[in-house]
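The lines below spell out each chain.
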Amino acid sequence: MAKKPAAKHTDAGAPCPIMHSCGGCAWLGLPYRKQLARKHTAMRELFEPLIAQFDWDAQVEPVLGMGASRESGPVTVADAPLASPRALRHKAATPFAPAADGSVRGGFFARGTHDIVDCPACAVEAPGARELLNDVAHLATELGIPAYDEDRRCGQLRYAVLRCGWRTDESMLTIVTRSLEVERLDELAHRLIESHPELVTVAQNVNPRVTNAILGGQTRILAGRERMTDRLLDCTFEISPVSFYQVNPQQTEVLYQLAIDGMDLAGSDAVLDTYCGSGTIGLAAAAAARKQGFDIALTGVERNPEGVRDAVRNAELNDLDGTSSFIARDATEYMLEAARRGDHVDVLVMDPPRAGSTPEFLDASSSLAPRRIVYISCNPHTQVRDLKHLGRAGYRLERLTPVDLFPHTEHVETVAVLTRP
Ligand SMILES: C[S@@+](CC[C@H](N)C(=O)[O-])C[C@H]1O[C@@H](n2cnc3c(N)ncnc32)[C@H](O)[C@@H]1O
């Protein structure tokens, strides 16, 4: 497939010079209040027929948007600031491609294509993130490390993914290459750490497949530590290069606090945190319970073994290892076994990927009969489908709160709290 010439136009007058060519922030030109109102309408249209079908008392609450500053809490449409949120994405990524002169180009894929649009700076990413990613391209060019050529399937550098701490100044870079052995890659990693002291980890991930997925299956540390550290809701979390960690940490605290409130925990509750990533939601809940003077018994289930290793480490870091355990397992398989064993679960937390959960998981959940189910979702369409399943099993929706984790896009995160009658 021949490559089209790279998009060159700038968007004069738009709030970002590459807004239309990049397409990452399609709503950037829309005042923030209007964004929140539009999301609320979309969520009402989606959830209200379900609420009516089961005659639930719940309402679709206003979308919790980003405050004007980090320290001001979430806002709803009535009090949304006029200034639209910036510097909110703490995960930034760039694809690489070879330029005509052999140098390495980075930036964004133009909307709907694999053409690279240059990006000198990005206002929605954490300060300095884009500059660092651009530096990877410059240094790779200087060291003669070739970018991956999608058409010819040769070259090495495919992507770089940067994660920046929110309550720490640490950041972690993962460089994705086509193969494991890449000449001068170690030198690139060490040079980056020297020139960017905030970088505590530079990792290599190897993705030899012809695919749109960024990450492959093999990861190793090139320079620095195994994990970076961040803090959320007074907990310390260590995150390794390929574990899941939410991209907008300011709103993650809002999201997690809603989830914790929805759990309505009591002493010695058995809490099962499924699709738990690095254990962040369950551990934040366990820490909140301890602050109130009691412990919960936490079990976390996650498919990614790196995530589970992080979760075990995070339990130790927060002095919660005595009351928690984490299992590397497919969530549905785990739930089916738990239902066969007749495990006791008071509160079930589920935070599946965009595809949502499975009918088998949901059937097993209702046979475990937790008092409460807190369902966090980044895809309300699959959440509606799954809530219908739980509604047929007799669960009632108590609260449905959308949270704006992704300003300037149509995406919404939602927290649903269900109770057993
Ligand atoms: C949306 S993330 C949530 C992670 C975590 N709750 C958090 O807030 O950071 C979904 C997680 O589910 C995991 N996952 C995806 N499919 C899974 C499955 N079938 N079984 C268990 N975990 C799965 C992913 O690896 C990812 O860590």
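Computed from a predicted structure; not experimentally measured. (Residues numbered from 1 in each chain as written. Predicted model: local features only at pLDDT ≥ 70, side-chain atom pairs only at ≥ 80, totals over all residues. Heavy atoms only, no water.)

**A closer look at the pattern of salt bridges**
On inspection of all chains with the given rule, the structure shows 24 salt bridges. For Arg 227, the salt bridge goes to Asp 310, with nearest N and O atoms at 2.6 Å. One end of the pair, Arg 227, is in the loop between β8 (218–224) and β9 (228–232); the other, Asp 310, is in helix α7 (residues 305–317), with 83 residues separating them in the sequence. By the burial criterion, Arg 227 is buried, and Asp 310 matches it. Across the pair Arg 385 and Asp 386 runs a salt bridge, and its minimum N-O distance is 3.0 Å. You can call Arg 385 partly exposed: its relative accessible area is 41%. (Salt bridge = Lys/Arg side-chain N within 4 Å of Asp/Glu carboxyl O. Helix = DSSP H or I, 4+ residues; strand = E, 2+ residues; numbered from the N terminus. Buried < 20%, exposed > 50% of the residue type's maximum accessible area, 1.4 Å probe, protein only.)

**Side note on the domain arrangement of the protein**
On domain assignment, one finds that the protein holds domain 1 (91–228) and domain 2 (248–419). With centres defined by C-alpha atoms, the gap from domain 1 to domain 2 works out at 32 Å. Across the contact, four residues belong to domain 1 and seven residues belong to domain 2. Roughly 460 Å² of surface becomes buried between domain 1 and domain 2 when both sides are summed, with 59% attributable to carbon and sulfur atoms. Arg 167 serves as the salt-bridge partner of Glu 253, at 2.9 Å between the closest nitrogen and oxygen. Joining domain 1 to domain 2, the criterion identifies two residue pairs in polar contact (both at pLDDT 80 or more). Here the side of domain 1 that touches domain 2 is built from residues that sort into two nonpolar, no polar and two charged. (Domains from an automatic or database assignment. Contact = heavy atoms within 4.5 Å. Buried area = accessible area lost by both parts, 1.4 Å probe. Polar contact = N/O pair within 3.5 Å; in protein donor to acceptor, adjacent residues only side chain to side chain. Nonpolar A, V, L, I, M, F, W, Y, C, P; charged D, E, K, R; others polar.)

**Here we look at the sheet that holds strand β11 (residues 270–274)**
Reading across from one edge, β13-β12-β11-β14-β15-β17-β16 is the order of the seven strands in this open sheet, with mixed pairing throughout. Strand pairing shows two members of the sheet lacking a second neighbour, β13 (324–328) and β16 (396–403), which therefore form its edges. The average undirected angle you get between the axes of adjacent strands in this sheet is 15°. Sheet analysis places strand β15 (residues 372–377) next to strand β17 (residues 413–419), joined by six bridges and oriented antiparallel. Bridge pairing links Arg 372 to Thr 419 in β17. Here helix α2 (residues 32–54) sits on the sheet in contact with β16 and β17, set at roughly 175° to β16. Along the sheet face, helix α5 (residues 249–263) touches β14 (347–350), β15, β16 and β17 and points at about 165° away from the line of β15. (Pairing = 2+ DSSP bridges. Axes fitted to C-alpha atoms, helices over the stretch in contact; angles between N-to-C directions.)

**Describing the packing of α5 against helix α6 (residues 280–291)**
Running from amino to carboxyl end, α5 crosses α6 at an angle of 60°, the nearest separation of the two axes being 10 Å. When the interaxial angle is binned, α5 and α6 end up oblique. Of the two possible hands of crossing, α5 and α6 adopt the one that is right-handed. Here α5 contributes Tyr 256, Ala 259, Ile 260 and Met 263 to the contact with α6, which in turn contributes Thr 280, Ile 281, Ala 284, Ala 285 and Ala 288. When grouped by side-chain class, the residues that make up the contact of α5 with α6 number eight nonpolar, one polar and no charged. (Parallel < 35°, antiparallel > 145°, perpendicular 65-115°, else oblique. Left-handed = near helix turned anticlockwise from the far one by under 90°.)

**With respect to helix α8 (residues 331–341)**
All of the buried residues along α8 are Ala 331, Thr 332, Tyr 334, Met 335 and Ala 338. Angular distribution of buried residues about the axis of α8 spans 160°; they occupy a single face of the element. For α8, the secondary structure elements touched by its buried residues are β11, β12 (297–302), β13, β14 and α9 (359–368). Capping of α8 at its N-terminal end is provided by Asp 330; its side-chain oxygen lies 3.1 Å from the backbone amide nitrogen of Thr 332. (Arc of directions from axis to C-beta.)

**Looking at the pairing of β12**
The element β12 is extensively covered by neighbouring structure, given that five of its six residues are classed as buried. Across five bridges, the pairing between β11 and β12 is parallel. Paired with Asp 273 across the strands is Gly 300, a residue of β12. After leaving β11, the chain enters α6 and then returns to the sheet as β12, a path that is right-handed. In the sheet, β12 pairs with β13 via five bridges, with the strands oriented parallel. Across the sheet, the residue bridging to Val 301 is Ile 327, located in β13. Taken together, β12, α7 and β13 form a β-α-β motif whose crossover is right-handed. (Right-handed = clockwise from strand over helix to strand, strands pointing away.)

**A look at the sheet that holds strand β1 (residues 91–98)**
One open sheet holds the six strands; their spatial order is β2-β1-β5-β6-β7-β8, and the pairing between them is mixed. This sheet does not close on itself; its edge strands, each paired only once, are β2 (104–106) and β8. Geometrically, the sheet is characterised by an average inter-axis angle of 25° between neighbouring strands, direction not taken into account. Looking at chain direction, strand β5 (residues 157–164) and strand β6 (residues 171–177) are connected through seven bridges and run antiparallel. Residue pairing across strands places Ala 160 opposite Ile 175, the latter belonging to β6. Strands in contact with helix α3 (residues 129–143) are β1, β2, β5, β6 and β7 (199–206); relative to β1, the strand with the most contacts, it is inclined by about 25°. The strands that helix α4 (residues 185–195) touches are β5, β6, β7 and β8; relative to β8, the one it contacts most, it runs at about 50°.

**Some points on the site of the ligand**
Around the ligand sit 16 residues in total, of which Tyr 256, Glu 302, Asp 330, Ala 331 and Asp 351 are the nearest. Separating an oxygen atom of the ligand from a side-chain N or O atom of Gln 246 is a distance of 3.4 Å. Between Asp 351 and the ligand, the recorded distance is 2.9 Å, taken from a side-chain N or O atom to a nitrogen atom. Protein coverage of the free-state accessible area of the ligand, which is 590 Å², stands at 90%. Looking at side-chain class alone, the shell around the ligand contains eight nonpolar, three polar and five charged residues. (Near = heavy atom within 4 Å. Areas by Shrake-Rupley, 256 points an atom, 1.4 Å probe, with all protein chains shown as cover.)

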